[in-house]
Amino acid sequence: MATTFCPRCDTENPDDASICQSCGAPMRSGTLVMAVSQIAPRPQVSIRVVRADGGPESVVRMNRDTLVCGQTPQADLRLPDDPFVMPEQARFFFSGVRLAVEDVGGANGVFVRLRQERELPTGGELRLGRQRLVLEPIPAATVGPGGAQIWGSPDAGYRLRLVQLLEGGMRGGAYPLKEGDNLLGREQGDITFPTDGFVSGRHAVLTVRKDQLTVRDVGSSNGTFIRLTGPTFVDNGDHFLMGRQLLRVEIQALV
């Protein structure tokens, strides 16, 4: 029988395996497979709605194969009265013994809090404080046969920019990003949001290397979030933003 090796743990698996028999990771890129693990029992999972005002927090235990978050009354974790949350916004599910999540509602999306430096592709979105920002490319200036710029302002060499996305889909300010580090914050930085009290004085660093960009939180109080673009694994303590709602995932392994 033909075999292949797990891209996560390097365990040998049958060639037609959709998930690793050892760690439960998907064997191929693309959508994660919802599957029952035959190797180890699933951990206990709870989703907590975090209250910024310190009020009582609601907690929902994941008792089935999936847990759906959204506004609909049928949602396992209902998030009512939030116009930025879809009827069904997110689905938590198991891929082997690993918990995963995917955005099933689109619209304003689902964002995960960064724990380490991550690459942000063009078209990717960030949330920090009350700011929602999308990364866009800046085309190079058009030059003539002699190398002179044909029209427009002199090309400063910027190749990427952040654009604010306002409520209702309107576009706000645009912020060109220089090569190297770009500091975002409320009080200091290359890009500042002085009226946003949820942005820390020094919040995040965006590092540009040619046409690539990475994002790193620098110890902000409220975190830096990146929008999910596909199903992804979830770890204990991960935080997710859906509309105005902040959720924390609590995973307890069975002994």
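What you see is a predicted model; the values in this text were computed from it and never measured.

*Asks:* Is there a simple way to explain the overall build of the protein chain in this structure?
*Replies:* Scanning the protein chain for helices and strands turns up zero helices and 23 strands. Pairs at least 24 residues apart make up 47% of the contacts formed inside the protein chain by residues separated by at least 6 positions.

*Asks:* Teacher, can you tell me more about the nonpolar core here?
*Replies:* If you look at the biggest cluster of nonpolar residues, it comprises 41 residues, and the most contacted ones within it are Cys69, Leu77, Phe92, Leu177, Leu213, Phe240 and Met242. Taken domain by domain, this core gets at least three of its residues from each of domain 1 (41-109 + 228-254) and domain 2 (114-139 + 158-227).

*Asks:* I'm lost on the sheet that holds strand E16 (residues 180-185) in this one. Help?
*Replies:* Within a sheet, each strand pairs with its neighbour through backbone hydrogen bonds, oriented either parallel or antiparallel. Spatial ordering of the open sheet is given by E11-E19-E18-E16-E17, a layout of five strands whose pairing is mixed. Two strands in the sheet have a free side with no partner beyond their single neighbour: strand E11 (118-119) and strand E17 (191-192). Taken together, the two bridges between E11 and strand E19 (residues 212-217) define a ladder with antiparallel strand orientation. Along E19, the bridge assignment pairs arginine 118 with valine 215.

*Asks:* What's the story with the pairing of strand E13 (residues 131-137) in this structure? I'm lost.
*Replies:* Each regular strand carries side chains that alternate between the two faces of the sheet. Counting buried positions along E13 yields six of seven residues, so the element is predominantly enclosed. Here four bridges tie strand E12 (residues 125-128) to E13, and the two strands are oriented antiparallel to one another. What sits directly across from leucine 128, in E13, is glutamine 131. Two successive antiparallel strands, E12 and E13, enclose a turn made up of two residues, where glycine 129 displays a positive phi of approximately 60°. With five bridges joining them, E13 and strand E14 (residues 160-165) adopt antiparallel strand pairing. Paired with proline 137 across the strands is leucine 160, a residue of E14.

*Asks:* Hey, could you run me through the sheet that holds strand E23 (residues 245-252) in this one?
*Replies:* The antiparallel open sheet is built from ten strands, whose spatial order is E5-E4-E23-E22-E10-E20-E12-E13-E14-E15. Two strands bound the open sheet, and with one partner strand each, they are strand E5 (59-61) and strand E15 (171-177). On average, adjacent strands in this sheet sit at an angle of 30° to one another, irrespective of strand direction. Pairing geometry for E12 and strand E20 (residues 224-227), over three bridges, is antiparallel. By the bridge assignment for E20, leucine 126 is matched with isoleucine 226.

*Asks:* Honestly, the layout of surface pockets in this entry has me stumped. Any pointers?
*Replies:* Rolled over the atoms, a probe as big as a water molecule pinpoints where empty space is left. There is about 510 Å³ of room inside the largest pocket. Forming the boundary of the largest pocket are 20 residues, of which Ala52, Arg130, Leu241, Arg244 and Leu246 lie nearest the centre. Mapped by element, the contributors of at least two residues to the lining of the largest pocket are strand E4 (44-50), E12 and E23. In the lining of the largest pocket, the residues fall into eight nonpolar, six polar and six charged. Domain assignment of the residues forming the lining of the largest pocket places at least three in each of domain 1 (41-109 + 228-254) and domain 2 (114-139 + 158-227).

*Asks:* Is there a simple way to think about the side chain of asparagine 182 in this case?
*Replies:* Looking at the secondary structure, you find asparagine 182 in strand E16. Polar contacts involving the side chain of asparagine 182 include one to the main-chain carbonyl oxygen of lysine 178, which spans 2.9 Å. Engagement of the side chain of asparagine 182 in a polar contact is seen with the backbone oxygen of glycine 180, the distance being 3.3 Å. In contact with asparagine 182, not counting residues within four places along its chain, are Leu177, Asp190, Ala204, Val205, Leu206 and Val208.

*Asks:* Explanation requested: the packing of aromatic side chains in the structure shown.
*Replies:* The geometry of an aromatic ring pair is captured by two quantities: the separation of the ring centres and the angle between the planes. One pass over the full model with this rule turns up two aromatic pairs. With a centroid separation of 5.8 Å and 85° between ring planes, the pair formed by phenylalanine 92 and phenylalanine 240 is classed as edge-to-face. Here phenylalanine 240 lies in strand E22 (residues 239-242) and phenylalanine 92 lies in strand E8 (residues 90-96), a separation of 148 residues in the sequence. Its relative accessible area of 1% is what places phenylalanine 240 among the buried residues. Summarising the aromatic geometry, the rings of tyrosine 175 and phenylalanine 193 are spaced 5.8 Å apart at their centres and angled 80° between planes, so their arrangement reads as edge-to-face. Taken together, the residues tyrosine 175 in strand E15 and phenylalanine 193 in the loop between E17 and strand E18 (204-209) connect sequence positions 18 residues apart. By relative accessible area, which is 6% here, phenylalanine 193 ends up buried. Arginine 91 extends its terminal NZ or CZ atom over the ring of phenylalanine 93, reaching a point 4.2 Å from the ring centre.

Scoring rules and cut-offs
Residues numbered from 1 in each chain as written. Predicted model: local features only at pLDDT ≥ 70, side-chain atom pairs only at ≥ 80, totals over all residues. Heavy atoms only, no water. Helix = DSSP H or I, 4+ residues; strand = E, 2+ residues; numbered from the N terminus. Contact = heavy atoms within 4.5 Å. Core = buried A, V, L, I, M, F, W, Y, C linked by side-chain atoms within 4.5 Å. Buried < 20%, exposed > 50% of the residue type's maximum accessible area, 1.4 Å probe, protein only. Domains from an automatic or database assignment. Pairing = 2+ DSSP bridges. Axes fitted to C-alpha atoms, helices over the stretch in contact; angles between N-to-C directions. 1 Å grid on protein atoms, 1.4 Å probe; cavity = no way out; pocket = protein on both sides within 12 Å on 5 of 7 lines; lining within 4 Å. Points joined across faces, edges and corners; volume = space filled by probe spheres on them. Nonpolar A, V, L, I, M, F, W, Y, C, P; charged D, E, K, R; others polar. Polar contact = N/O pair within 3.5 Å; in protein donor to acceptor, adjacent residues only side chain to side chain. Phe/Tyr/Trp six-rings, centres within 6.5 Å; stacked < 30°, edge-to-face > 60°. Lys NZ or Arg CZ within 6 Å of the ring centre and 35° of its normal.

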